[in-house]
Amino acid sequence: MRAADLPAATESLSLSQARRVALRAQGLDVPRAARTGPATMRHLQQVVDRLGLLQIDSVNVLARAHLMPTFSRVGPYDPALLDRAAGRAPRRLVEAWAHQASYVPPETFRLLGWRQRAYRTEAWGSIAQVPLQHAPALAEVRALIADRGPLTASEVQTRFEAEHPTTRDEWGWNWSVAKRVLEFLFFTGEVTSAGRNPAFERRYDLAERVLPADVLAAPEPDDATAVRRLVEISARAHGIGTLGCLADYFRLSQRSAATAAAELVEEGVLVPVRVAGWEARPVFRHRDATLPRSARGAALLSPFDPLVFERRRLEELFGLRYRIEIYVPEPKRVWGYYVLPFLLGEELPALVDLKADRAASALRVVAAHGSPGADRLPDGTLDALAAELRLVATWLGLDDVVVGAPDGTLRGALAVPLRHASAAA
């Protein structure tokens, strides 16, 4: 189905109302709940239930990407909760290729079978070609994981070399081939991670030994049903979104997402809406999404947070044009290496480039900027940001917040006033 054929809007919202619906769906519309004790597995589960996935990324300049969304919504918590949820049976989270590599509930893993089977068109070239280019290695690694898993990629390499010595001029086995084979098995869902070791390496094992028994026993849905359920998870997590938003969450095609959205409208799960200033594409509200009277939350958001990782949505809904610059050469960076938007109420008024300087036991604010295009800084922004930075430092076990680059340079228009606000705090 084409987007143009989707049902017409039946209700209207202002852009501010749409933002508040989105923030409520993401659990970011109110200040974090006060706690008298440490965060528990129940708090983590509430975040997972709300978001539907946690994107994984290996960058650790601040904290690993999958750890930040829970902090943004719950506050300081022990990351061992997530390790336990993904590393001990019965698992609450498993790894799969979802948005990108992501933690998802085990039930969601079963909704991705269509993608795993369609690796020839869904995976990137070096992975899709593994069965043709590296069939002997594939057979060896498959047997090794089945016999001795869970194993890390480095253990696979070591064990293979010890038992089957090879040279490069025989059939080309090397580390890059080993990694491609394991990533192929991971993409296709034959193996997943039984957990991560302290170096954050996957411990690959057969999916059938990782998934809970009840999930394995449940029948796998047909492709259309699986995609429809994925779109519903996306819609619930977004609260409100365009067809592009709904498709991007699990990296679905626009066509398949449009078909699923039309069916969900017919079932009453999605409601077509019109949002002032967001009329270029069809917009849908999940039937359970609610509109709070105000948004009062404050949180730093990882570049991989579900609220911000679809950049076009971020720009259209919040007015922030934001790009991650990790892979941009330093002289060409505008905002910084690892820049986090700061949410205050229903606005994203500031961007901060952060680094956990563990040697100095300090959270370093390498740069601090007002959001591009904003004509004013909301009252209380600097004090709220300073308080949030202090909370991040506490969570990471750092003793201080330092505003300024390692060479002492103050970068960004907010650097000087933020330094004063941090000192006052």
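Numbering of residues starts from 1 in every chain and runs along the sequence as written. Per-residue local features of the predicted model are confined to residues with pLDDT of at least 70, and side-chain atom pairs are confined, for both listing and counting, to 80 or more; whole-chain, interface and lining totals are unaffected and use all residues. Think of the side-chain values as coming from all heavy atoms in the structure, minus any hydrogens and water.

### As for the sheet that holds strand β3 (residues 94-97)
Heads up, the rule is: Note on pairing: two strands pair once DSSP finds at least 2 bridges between them. Runs of E in the DSSP output that reach at least two residues are strands. Runs of H or I that reach at least four are helices, and both are numbered from the N terminus.
Spatial strand order, β2-β4-β3: three strands in an open sheet with antiparallel pairing. The strands lining the two open edges of the sheet, one partner per strand, are β2 (54-55) and β3. Here β2 runs beside strand β4 (residues 101-104); their pairing, made up of two bridges, is antiparallel. When the sheet's bridge partners are listed, Leu54 is paired in β4 with Tyr103.

### Notes on helix α2 (residues 41-51)
The line we're drawing: The cut-offs for exposure are 20% and 50% of the maximum accessible area for each residue type, with area from a 1.4 Å probe on protein chains only; residues under the lower value are buried, those over the upper are exposed, and the others partly exposed. Every residue pair with non-hydrogen atoms within 4.5 Å of one another is taken to be in contact.
Turning to α2, its buried residues are Met41, His43, Leu44, Gln45, Val47, Val48 and Leu51. Residues of α2 that are buried make contact with α1 (15-26), β2, α3 (68-74), α4 (80-87) and α15 (223-238). One or two positions beyond α2, positive phi appears at Gly52, with a value near 85°.

### So, the domain arrangement of the chain
Frequently, the measure chosen for interface size is the accessible area that the parts lose on association. We apply this condition: Bear in mind that the domain bounds are from an automatic or database domain assignment.
Once the domains are mapped, the chain shows domain 1 (11-103 + 219-286), domain 2 (123-211) and domain 3 (319-424). On a C-alpha basis, the centroid separation for the pair domain 2 and domain 3 is 40 Å.

### Notes on the sheet that holds strand β12 (residues 347-357)
Selection criterion: Only C-alpha atoms enter the line fits that serve as axes; for helices the fit covers just the stretch in contact. Angles between N-to-C directions range over 0 to 180 degrees.
The strand order across the open sheet built from five strands is β10-β11-β12-β13-β14, with neighbouring strands paired in mixed fashion. Only two strands of the sheet have a single neighbouring strand rather than two, namely β10 (298-300) and β14 (400-403). The average angle at which neighbouring strand axes cross in this sheet is 30°, direction not considered. Taken together, the four bridges between strand β13 (residues 362-370) and β14 define a ladder with parallel strand orientation. If you follow Leu363 over to β14, its bridge partner there is Val401.

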